[in-house]
Amino acid sequence: MQQMFIIGYGQERKGEVTGMNNDIKTIGVLTSGGDAPGMNAAIRAVVRAAITRGYKVKGVRHGYNGLLTNDIIDMNVRSVSEIIHRGGTILYTARCLEFKTLEGQQRAAQACRDAGIDALVVIGGDGSFRGCKDMAAQGIPCIGIPGTIDNDIACSDYTIGYDTAMNTAVEMIDKLRDTTQSHDRCSVVEVMGRNAGYIALNTGIACGALVTLIPEVPYDLERDVISRMKATQKTGKRHFIIIVAEGVGRAHDIANEIQSRTGIDSRATVLGHVQRGGSPSLRDRVTASRMGYHAVELLSKGIYNRVVATKAESIVDYDIAVALSMYKTIDTSLLDIAGAISRSCLLYTSDAADE
Ligand code: ADP
Ligand code: F6P
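Residues numbered from 1 in each chain as written. Chains lettered and ligands numbered in written order. Predicted model: local features only at pLDDT ≥ 70, side-chain atom pairs only at ≥ 80, totals over all residues. Heavy atoms only, no water.

1. Topic: the sheet that holds strand β7 (residues 211-213)
Working step 1: Strands sit in the order β7-β8-β6-β9 across an open sheet of four strands; the sheet is parallel. Of all the strands in the sheet, the pair left with one neighbour each is β7 and β9 (266-270). Pairwise comparison of adjacent strand axes, ignoring direction, gives a mean angle of 20° for this sheet.
Working step 2: With three bridges joining them, β7 and strand β8 (residues 240-245) adopt parallel strand pairing. Paired with L213 across the bridge in β8 is V244.
Working step 3: Against the sheet, helix α7 (residues 221-234) makes contact with β6 (186-191), β7 and β8, and its axis sits at roughly 165° relative to β8, the strand it touches most. (Pairing = 2+ DSSP bridges. Helix = DSSP H or I, 4+ residues; strand = E, 2+ residues; numbered from the N terminus. Axes fitted to C-alpha atoms, helices over the stretch in contact; angles between N-to-C directions. Contact = heavy atoms within 4.5 Å.)

2. Thoughts on the pattern of salt bridges
Working step 1: Counted by the stated rule, this structure contains 13 salt bridges.
Working step 2: Of the charged contacts, one joins R107 and E98 as a salt bridge, the two residues approaching to 2.5 Å between their closest N and O atoms.
Working step 3: Since its relative accessible area comes to 39%, E98 is described here as partly exposed.
Working step 4: Residues D265 and R185 are paired through a salt bridge, measuring 2.9 Å at the closest nitrogen-oxygen approach. Residue D265 is found in the loop between α8 (251-262) and β9, and its partner R185 is found in the loop between α5 (162-182) and β6; the two are separated by 80 residues along the sequence. (Salt bridge = Lys/Arg side-chain N within 4 Å of Asp/Glu carboxyl O. Buried < 20%, exposed > 50% of the residue type's maximum accessible area, 1.4 Å probe, protein only.)

3. A short note on the site of ligand 1
Working step 1: Near ligand 1, the surroundings consist of 16 residues, among which R95, C96, G125, S128 and D134 are the closest.
Working step 2: Against a free-state accessible area of 550 Å², the protein chains account for coverage of 79% of ligand 1.
Working step 3: Taking a 2 Å distance to the grid points as the criterion, the majority of the atoms of ligand 1 fall inside the largest pocket.
Working step 4: Top element by residues in the shell around ligand 1 is helix α4 (residues 126-137). It accounts for six residues. (Near = heavy atom within 4 Å. Areas by Shrake-Rupley, 256 points an atom, 1.4 Å probe, with all protein chains shown as cover. 1 Å grid on protein atoms, 1.4 Å probe; cavity = no way out; pocket = protein on both sides within 12 Å on 5 of 7 lines; lining within 4 Å. Sits in = over half its atoms within 2 Å of the grid points.)

4. Describing the site of ligand 2
Working step 1: In the vicinity of ligand 2, the contacting residues are R95, I149, D150, M192, G193, R194, E246, H273 and R276.
Working step 2: Within the side chain of D150, a nitrogen or oxygen atom sits 2.9 Å from an oxygen atom of ligand 2.
Working step 3: Between ligand 2 and the protein, one listed contact pairs an oxygen atom with a side-chain N or O atom of E246 at 2.8 Å.
Working step 4: In the complex, 81% of the free accessible area of ligand 2, which totals 400 Å², lies under the protein chains.
Working step 5: Put simply, ligand 2 lies in the largest pocket.
Working step 6: When grouped by side-chain class, the residues that make up the shell around ligand 2 number two nonpolar, two polar and five charged. (Polar contact = N/O pair within 3.5 Å; in protein donor to acceptor, adjacent residues only side chain to side chain. Nonpolar A, V, L, I, M, F, W, Y, C, P; charged D, E, K, R; others polar.)

5. Details of unusual backbone geometry
Working step 1: For H62, which is not glycine, the phi dihedral falls at a positive 60°.
Working step 2: One non-glycine residue, N305, adopts positive backbone phi at about 60°.
Working step 3: Locating N305 in the fold gives a position in the loop between α9 (282-300) and β10 (306-311).
Working step 4: Residue N305 is classed as partly exposed on the basis of its relative accessible area of 23%.

6. Observations regarding the confidence of the model for the protein chain
Working step 1: Overall, the predicted model of the protein chain reaches an average pLDDT of 91, with 90% of residues at or above 70.
Working step 2: Confidence drops under a pLDDT of 50 for residues 1-19, and excluding neighbours within four residues, the segment shows 16 contacts in the predicted structure.
Working step 3: The model gives residues 349-355 a pLDDT under 50, and that stretch makes twelve contacts with residues more than four places away or in other chains. (pLDDT = per-residue confidence, 0-100.)

7. Some remarks on α9
Three or four residues apart is the spacing at which side chains of an α-helix point the same way, because the helix has 3.6 residues per turn.
Working step 1: Along its 19 residues, α9 runs 27 Å from first to last C-alpha, staying within 8% of the 27 Å computed at 1.5 Å per residue.
Working step 2: Burial in α9 covers these residues: D284, T287, A288, M291, G292, H294, A295, V296, E297, L298, L299 and S300.
Working step 3: With its phi angle positive at about 75°, G302 sits one or two positions after the end of α9. (Expected span 1.5 Å × (residues − 1).)

8. Side note on the layout of surface pockets
Working step 1: In this structure, the largest pocket spans a volume of roughly 910 Å³.
Working step 2: Lining the largest pocket are 36 residues, and of these G33, G34, R95, G127 and R194 sit closest to its centre.
Working step 3: The residue makeup of the lining of the largest pocket, split by class, is nine nonpolar, 15 polar and twelve charged. (Points joined across faces, edges and corners; volume = space filled by probe spheres on them.)

9. Describing the packing of aromatic side chains
Working step 1: In total, this model carries three aromatic pairs according to the counting rule given.
Working step 2: Ring plane angle 5° and centroid distance 3.8 Å describe the contact between Y64 and F99, whose orientation is recorded as stacked. Note that Y64 is positioned in the loop between β2 (56-60) and α2 (65-68) and F99 in the loop between β3 (72-75) and α3 (102-115), a separation of 35 residues in sequence. Of the two residues, Y64 and F99, neither departs from the other in class, the shared state being buried.
Working step 3: With a centroid separation of 6.5 Å and 85° between ring planes, the pair formed by Y162 and Y198 is classed as edge-to-face. Of this pair, Y162 sits in helix α5 while Y198 sits in helix α6 (residues 198-206), and the two are 36 residues apart along the sequence.
Working step 4: What makes Y162 buried here is its relative accessible area of 6%.
Working step 5: Relative accessible area serves as the criterion here: at 10%, Y198 is assigned to the buried category.
Working step 6: An aromatic cluster is built from Y158, Y162 and Y198, whose rings are joined through pairwise contacts.
Working step 7: Above the plane of the ring of F240 lies K237, whose end atom (NZ or CZ) is 5.6 Å from the centre. (Phe/Tyr/Trp six-rings, centres within 6.5 Å; stacked < 30°, edge-to-face > 60°. Lys NZ or Arg CZ within 6 Å of the ring centre and 35° of its normal.)

So, in C-alpha cells, the structure goes:
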C-alpha cells in the first residue's frame, strides 16, 4: 500500500533539527532596497523554515536602518500568516545611507549582537548584498536572497518580483493598446529598469511592441525608431507601441521627438512604481519560498556569507564576494526574437499589420 505523507511546518525534516549549527540560535531577517512582490513569501519561508529547525527569528524593520534604530521585532509562525499573497514587505524597506559608512556598519553589527541576532538573512538587490559583505566583515554571518523586480542580480537567472512586475506591465500595456489603436497614436511606454532591460525586453515581446529600447544596447532614434515607424506606416500600420526601459531616457522626451519627426500624435506613459506592487505571481511565491528555505538550510549547515540564486530551475548559492563580482548579460536570443518579429512587420504590405 502506498504511504501518504502530509508535509507541514514542524513536520518535515524533523530529524535534521539535531544537525543544527550550534553557533546560531537566532536568525534575523530584513528586506532592503526597492521592494518587490514576493518579498513577503520569502520572509515567511525564512521564518517558518527557521522555526521548524528550532531557531528563534527576529525581524529587522526598514532595512539596515532598523539595526541603527533598534527597530527589531520577535517573529513566530503566526507573524507571517496571511502574507504569502501580499505585495510589499511586512518588514518595510529602506535605503540607509548611514549604513554605508564603516561606523554605521560597526553600529549595525553591535546592534545584532545586542539583540542576540547571530546571523542575518537579507532580501534585496546588489546594494543590499554589498551591505551583507560588510556585515560579514564585522563578524555577522549573512545570507542574501535576490529580491528586485529588475532581475539584475548577476549570479541569479531570476530575482523575486520579476515575474509579477512583468505581468503587471503587460496588463497595463494591453489596456494602453486599446486607446492607442483607437486614436491612431504612438504610445511610448517607460517600464522600470534603471540599468537593466529585462522587464522592457520581455514585455516588448509579450506586447508586440514595434521597438524596444534597453540600456544594454545603444540606439539611434532615426535609424531604430523613426525609420521603422515610417516603413510600417507604408504597410498600413496606424498605431505604434514603443517600449523604453527607464535607463534609456525619458519616455516624454522620446515621444515628443517622435511626434516632431513623424507628425504622428504621440503620448508617453510611465508605468512607474505600480510595477513594484500587487499580489505576487505563482512563480514569485514559489521561488521566494524555495530561496527562503534554502537560506535557512545553509545556515543550519554552518554555511555563511552566500547569496542564494537560481540556475536553470535549481536553487544554488555563491560566496557573496564572488556573486558581487559576477556579470550578467542580457539574453541575446530574446533580442534576436524581438528584432526579428518586429522587423517582419516591415516585409508585409497587407493592411493586416496590427502590431
Ligand atoms: P538594492 O539592494 O535594491 O540594490 P540599494 O542599492 O539602494 O538597493 O541598496 C540598499 C541598501 O543597501 C542601501 O540603502 C544601503 O543601506 C545598503 N548598501 C548599498 N550599497 C552599499 C555598499 N556599497 N556598502 C554597504 N551597504 C550598502
Ligand atoms: O526596484 C528597482 C527599481 O524599480 C528600479 O528599476 C528603479 O530605478 C528604482 O527601483 C526606483 O526605486 P525608488 O523610486 O524606490 O528609488
